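Residue-level structural notes
Here is what each chain is made of, one letter per residue.
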Amino acid sequence: MAKHDGYAQEELDMENEEAERYPLGPKEYWRNKIVGKWTTGEDEHLVTNEEFEADWLDNQDDDMLD
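Heads up: these notes are all about the structure in this document. (Residues numbered from 1 in each chain as written. Predicted model: local features only at pLDDT ≥ 70, side-chain atom pairs only at ≥ 80, totals over all residues. Heavy atoms only, no water.)

1. Describing the overall build of the protein
In terms of helices and strands, the protein carries three helices and two strands. Overall, the protein shows an N-to-C arrangement of helices and strands of α-α-β-β-α. Residue burial in the protein is summarised as follows: out of 66 residues, 12% are buried. Intrachain contacts of the protein at a sequence separation of at least 6 include 12% that bridge at least 24 residues. Summing over all exposed atoms, the protein offers an accessible surface of approximately 5500 Å²; the carbon and sulfur share of this is 53%. (Helix = DSSP H or I, 4+ residues; strand = E, 2+ residues; numbered from the N terminus. Buried < 20%, exposed > 50% of the residue type's maximum accessible area, 1.4 Å probe, protein only. Contact = heavy atoms within 4.5 Å. Areas by Shrake-Rupley, 256 points an atom, 1.4 Å probe, with all protein chains shown as cover.)

Put into structure tokens, the structure is as follows:
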């Protein structure tokens, strides 16, 4: 399991590096990857733009606290 976690973290790190180089910025990179493609909630519905925006804002607030 530790190997899997390490691999998953490596993949995420690579995605974040790619997002930093994305011409429209990291937010738009992740929006393109997530909205309408990933699922969320108990009913596993597709992530909406509004949910993405709320989650992005929450994560930005958390980053400011660090």
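Still to come is the rest of the account.
2. Regarding unusual backbone geometry
Unlike most non-glycine residues, Glu44 shows phi in positive territory, near 55 degrees. Along the polypeptide, Glu44 turns up in the loop between strand S1 (39-40) and strand S2 (45-46). Relative accessible area serves as the criterion here: at 57%, Glu44 is assigned to the exposed category.

3. Observations regarding the environment of Glu18
Assignment of secondary structure puts Glu18 in helix H1 (residues 2-21). Classification of Glu18 as partly exposed rests on a relative accessible area of 41%. Distance from Glu18 to Tyr29, taken between C-alpha atoms, is 8.4 Å for residues 11 residues apart in sequence.

4. Some thoughts on the packing of aromatic side chains
Centre distance and the angle of the planes are the two values used to describe a pair of aromatic rings. Counted by the stated rule, this structure contains three aromatic pairs. Taking the centre distance of 5.5 Å and the plane angle of 70 degrees together, the rings of Tyr22 and Tyr29 count as edge-to-face. A relative accessible area of 29% means that Tyr22 is categorised as partly exposed. Counting every residue linked through ring pairs, the aromatic cluster contains Tyr22, Tyr29 and Trp30. (Phe/Tyr/Trp six-rings, centres within 6.5 Å; stacked < 30°, edge-to-face > 60°.)

5. Focus on the nonpolar core
In this structure, Ala19, Tyr29, Trp30, Ile34, Val47 and Phe52 together form the largest nonpolar core, which totals six residues. Element by element, the count of residues in this core is highest for helix H2 (residues 26-34), at three residues. (Core = buried A, V, L, I, M, F, W, Y, C linked by side-chain atoms within 4.5 Å.)

6. Structural notes on a negative patch on the surface
A contiguous patch of negative charge, built from Glu10, Glu11, Asp13 and Glu17, is present on the exposed surface. If you trace the backbone, Asp13 turns up in helix H1. Relative accessible area serves as the criterion here: at 36%, Asp13 is assigned to the partly exposed category. (Patch = residues over 30% accessible without salt bridge, like charges linked within 9 Å, V, L, I, M, F, W, Y side chains within 5 Å. Salt bridge = Lys/Arg side-chain N within 4 Å of Asp/Glu carboxyl O. Lys, Arg positive; Asp, Glu negative; His and termini not counted. Charge placed at Lys NZ, Arg CZ, Asp CG, Glu CD.)

Purely spatial values, then, with no claim about function.
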